[in-house]
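Residue-level structure breakdown
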Amino acid sequence: MKEMESRTMEEETHEMSTPLITKDEKVEDSKNISSASSSSSEAIAANSKSEIQQLQETEENSPVKQVALTVPTTDDPSLPVLTFRMWVLGTVSCVLLSFLNQFFWYRTEPLSITAISAQIAVVPLGQLMAAKITDRVFFKGTRWEFTLNPGPFNVKEHVLITIFANSGAGSVYAIHVVTVVKVFYKKHITFFVSLIVIITTQVLGFGWAGIFRRYLVEPAAMWWPANLVQVSLFRALHEKEERPKGGVTRIQFFLIAFTCSFAYYVFPGYLFQMLTSLSWICWIYPQSVLAQQLGSGLYGLGIGALGIDWSTISSYLGSPLASPWFATANVAVGFFFVMYILTPLCYWLNVYKAKTFPIFSDELFTSTGQEYNITAIIDSHFHLDIAAYEKEGPLYLSTFFAMTYGVGFAALTATIMHVALFHGREIWEQSKASFQETKMDIHTKLMRKYKQVPESWFVCILLVNIAATIFACEYYNEQLQLPWWGVLLACGIAIVFTLPIGIITAITNQTPGLNIITEYIIGYIYPGYPVANMCFKVYGYISMTQAITFLQDFKLGHYMKIPPRTMFMAQIVGTIIACLTYLGTAWWLMETIPDMCDTTASNSVWTCPSDTVFYDASVIWGLIGPRRIFGDLGTYEAVNWFFLGGAIAPILVWLAAKAFPQQEWIKLINMPVLIGATGMMPPATAVNYTSWIILGFLSGFVVYRYRPDLWQRYNYVLSGSLDAGLAFMGVLIYLCLGLENISVDWWGNNLDGCSLATCPTAKGVVVEGCPVFS
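Computed from a predicted model, the values in this text were never measured in an experiment.

Turning our attention to the packing of aromatic side chains. Centre-to-centre distance and the angle between the planes together describe a pair of aromatic rings. One pass over the full model with this rule turns up 58 aromatic pairs. Pairing Phe-258 with Phe-262 gives two aromatic rings, centres 6.2 Å apart and planes at 25°, and the pair type is stacked. Remark: Phe-262 and Phe-258 occur in helix H12 (residues 250-264); sequence separation between them is 4 residues, near one turn of the helix. Between Lys-353 and the ring centre of Tyr-396, over which it is positioned, the NZ or CZ distance is 5.3 Å.

And the structure:
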């Protein structure tokens with residue numbers, strides 16, 4: 001603290017306002033400077049200096065318009081950061097969000113409570129602590145001097161508290177491994193081994209995240225759109241703002257929108273749950289399988305289905321208000337192609353016996369359309385029983401499920417080709433210039449005033465985590481099944497893909513996943529071991545995802561001018577606290593709730609939708625293996641052609657951009673995002689996408705284009721308020737009504753209302769509750 005404060009005594013001051021200036025306005029400013037030269041000498045002396053300074057500040061600001069409009073170009077290095085308030089509120093926020101998110105994760109309608117909720121809730125608490133806690137200085141005059149109350153609650157403390165909260169937001173992916181082994185396979189795994197897997201997967205990516213900072217954090221072009229929601233909210237909560245005539249301030253707008261979101265969620269969350277998916281075609285044709293396949297938002301193609309519920313809109317794809325319009329448009333095109341062209345075409349042409357199964361399902365089937373008996377093909381050593389598998393017959397997937405795997409193959413090769421073609425030169429130039437002084441925007445320039453985190457720290461974290469992972473996999477091989485070379489291979493895959501996927505995330509707010517390719521690779525190399533497959537996937541996929549998350553937090557600290565070493569500490573400590581809380585909560589629930597994850601149990605809300613998909617994947621890629629599903633011994637061998645299609649698609653866009661350079665819109669076609677649009681399906685459903693796309697269009701295109709003043713002022717604040725209102729009401733409903741199992745039984749709480757959407761249409765296939773076609 002003292003060292004940091006001494007640095008603030010430098011001659012330079014960094015108090016600069018955010019210039020909201022477009023390119024046209026820059027030209028106008030230049031004209032003004034030129035015209036000033038023809039004025040009197042006094043006018044030149046008085047005006048030209050300020051105008052030139054303003055122009056220079058504008059040139060230093062971010063070239064990304066959304067960033068220039070949202071992020072302040074100011075810094076006050078004297079603000080205290082590592083305060084008692086930060087530690088208390090940060091730790092409480094992290095523990096509380098971790099507990100609640102894991103608690104709701106297993107439920108039929110999982111509720112994800114974002115860091116936005118904590119970001120808002122801690123403001124009055126921080127201000128109360130600033131007002132009431134003693135400001136006495138302890139150990140005054142010594143090197144250990146400190147105070148519990150260094151002054152008013154400030155924005156930098158607030159940012160660090162939010163970083164802690166970010167660690168507890170979302171989910172810990174490795175919990176899936178523990179849940180699937182304990183609950184689905186009903187095999188043994190200890191708490192200690194589970195903890196090693198969870199901590200190492202969460203922290204591993206931090207090692208190479210630090211190495212990629214120069215590529216994904218410092219360049220202004222890497223702008224990370226999702227961070228602008230939190231930056232906008234920080235400004236609304238801390239900056240004094242005059243109310244515009246006839247309007248409201250951002251904090252007033254936030255409170256109004258928060259109250260409305262809080263009050264409204266009682267309807268889709270409890271009283272009228274059909275608002276989650278208004279599938280009106282099913283109402284018109286209650287006896288038609290075809291109509292319900294087309295119209296069901298949860299179990300079909302979702303034509304016309306709409307969710308008037310923020311949790312439906314934002315649960316899987318994030319906030320549509322934070323997505324740039326070109327990225328939203330790419331997602332929309334990709335979703336439309338897969339959902340409304342590829343899937344129906346394959347289904348009605350009966351590709352891979354498609355009509356024998358539901359058109360949209362993540363279940364595993366026999367050739368007769370019945371649910372596959374997985375336990376029958378596992379031997380006593382938790383390995384595939386080949387004889388039993390041949391007796392049961394080959395495993396089949398629904399058409400959509402098979403196509404999503406193909407799309408995942410294509411998205412991977414498209415990511416590699418897109419980054420090489422469109423960003424290869426930038427990466428090469430950045431690599432050459434990484435140790436030289438290059439042109440910086442105002443944010444990078446201000447951050448250079450702080451002591452940076454040495455790369456050796458990140459390398460040490462990386463090596464320690466790899467060593468701990470190898471030890472766990474070798475010493476507890478009976479539980480984890482993964483050999484040491486599998487750990488090294490998984491880390492290699494994650495490191496290679498972090499940069500290209502990080503670039504896409506930093507520009508488009510969409511993150512292509514590595515889950516499919518990691519399980520594909522280990523499934524071929526090491527088939528028949530489901531736990532090894534799951535572990536390889538979390539080490540190869542989640543370590544990369546965690547690296548992206550850490551980099552996004554680095555960028556948030558970059559925008560808010562948080563000392564890098566302080567940010568480093570908060571991320572590490574927050575991640576460790578979150579891991580302990582997540583695993584403790586999950587373990588407690590698995591030990592105490594009967595029929596956990598059993599979809600056949602009546603009136604149970606603990607159906608674990610995401611864990612079910614994870615379990616299915618472990619069977620497909622780990623237990624049975626890709627060779628018997630997608631290889632020469634399997635049914636779906638032709639799906640591998642998607643790899644080639646994904647590689648070709650970005651080349652076509654690149655060639656079109658070169659052939660028609662005047663057509664700027666061609667460069668906005670992002671094939672990894674477009675092809676990987678349906679990567680979250682399942683468990684995401686059609687209504688999640690249609691509702692997200694509609695709201696993204698209204699915000700990112702209509703309002704941004706025709707009312708940019710309103711978009712700039714309120715867009716990200718609205719996103720944060722909707723998140724917070726839903727989260728608080730969701731928790732309140734569960735605590736007051738869910739714990740007592742009090743429900744309202746009427747047709748409005750019949751989710752979707754499309755009971756026939758999951759029925760097969762092949763002749764002679766008998767499924768309970770479905771008509772038999774002849």
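What follows covers the environment of Gln-712. Here Gln-712 is to be found in helix H31 (residues 708-738). The sequence separation of Gln-712 and Leu-69 amounts to 643 residues, and the corresponding C-alpha distance is 6.6 Å.

With that out of the way, let us pick up the pattern of salt bridges. In the structure shown here, the tally under the stated rule is 8 salt bridges. The closest approach of N and O atoms between Lys-537 and Glu-519, which form a salt bridge, is 2.9 Å. Remark: Glu-519 occurs in helix H24 (residues 515-525) and Lys-537 occurs in helix H25 (residues 530-560); sequence separation between them is 18 residues. Glu-519 matches Lys-537 in its accessibility class, with the two residues each being buried.

The next subject is the packing of helix H8 (residues 175-184) against helix H27 (residues 609-624). Interhelical geometry of H8 versus H27 gives an angle of 80° and a closest axis separation of 10 Å. With respect to H27, the element H8 is oriented roughly perpendicular. Every residue of H27 that contacts H8 at His-176, Val-177, Thr-179, Val-180 and Phe-184 is listed here: Ser-610, Asp-611, Thr-612, Phe-614, Tyr-615 and Ser-618.

All right, on to the state of the cysteines then. Counting across every chain of the model gives 3 disulfides. Note that Cys-282 is cross-linked by a disulfide to Cys-754, the S-S spacing being 1.9 Å. The sign of the S-S torsion, about 105°, decides the handedness of the disulfide formed by Cys-282 and Cys-754: right-handed. With Cys-282 in helix H14 (residues 280-284) and Cys-754 in the segment after H31, this pair connects stretches of sequence that are 472 residues apart. The class of Cys-754 is buried, set by a relative accessible area of 4%. Each disulfide pairs two cysteine sulfurs, and for Cys-597 the partner residue is Cys-608, the sulfurs being separated by 2.0 Å. The disulfide joining Cys-597 to Cys-608 has a torsion of about -75° about its S-S bond and is therefore left-handed. Taken as a pair, Cys-597 in the loop between helix H26 (564-592) and H27 and Cys-608 in the loop between H26 and H27 lie far apart in primary sequence, 11 residues in all.

Core analysis: the largest hydrophobic core is formed by 215 residues, its most contacted members being Leu-395, Leu-397, Met-596, Ile-620 and Phe-630. For Leu-395, the residues in contact, after removing those within four places along its chain, are Leu-364, Phe-365, Tyr-372, Ile-374, Tyr-389, Val-619, Ile-620, Ile-624, Ile-629 and Tyr-636.

Turning to H31, a few remarks are in order. Look at H31: 42 Å from first C-alpha to last across 31 residues, which is about the 45 Å you get at 1.5 Å a residue. Where H31 bends most, at Tyr-714, the angle is about 45°.

Let's shift gears to the environment of Leu-79. Secondary-structure assignment places Leu-79 in the loop between helix H4 (65-70) and helix H5 (84-105). Note on Leu-79: relative accessible area 26%, which makes it partly exposed. Considering only alpha carbons, one finds Leu-79 and Pro-152, 73 residues apart in sequence, at a separation of 9.6 Å. Beyond its immediate sequence surroundings of up to four residues, Leu-79 is in contact with Asn-154, Val-155 and Lys-156.

Let us look at unusual backbone geometry. Omega for the peptide link from Pro-682 to Pro-683 comes to 10°, which places this bond in the cis form. The residue Pro-683 is located in the loop between helix H29 (671-675) and helix H30 (686-706) in this model. Backbone geometry places Lys-353, a non-glycine residue, at a positive phi of 55°. With a relative accessible area of 32%, Lys-353 lands in the partly exposed category. Positive phi is not limited to glycine here, since Cys-608 has a value of about 55°.

Rules and cut-offs
Residues numbered from 1 in each chain as written. Predicted model: local features only at pLDDT ≥ 70, side-chain atom pairs only at ≥ 80, totals over all residues. Heavy atoms only, no water. Phe/Tyr/Trp six-rings, centres within 6.5 Å; stacked < 30°, edge-to-face > 60°. Helix = DSSP H or I, 4+ residues; strand = E, 2+ residues; numbered from the N terminus. Lys NZ or Arg CZ within 6 Å of the ring centre and 35° of its normal. Salt bridge = Lys/Arg side-chain N within 4 Å of Asp/Glu carboxyl O. Buried < 20%, exposed > 50% of the residue type's maximum accessible area, 1.4 Å probe, protein only. Axes fitted to C-alpha atoms, helices over the stretch in contact; angles between N-to-C directions. Parallel < 35°, antiparallel > 145°, perpendicular 65-115°, else oblique. Contact = heavy atoms within 4.5 Å. Disulfide = S-S within 2.5 Å. Core = buried A, V, L, I, M, F, W, Y, C linked by side-chain atoms within 4.5 Å. Expected span 1.5 Å × (residues − 1). Bend = angle between axes of the 7 residues up to and from the residue.

Bear in mind that shape data such as this cannot, by itself, settle questions of function.
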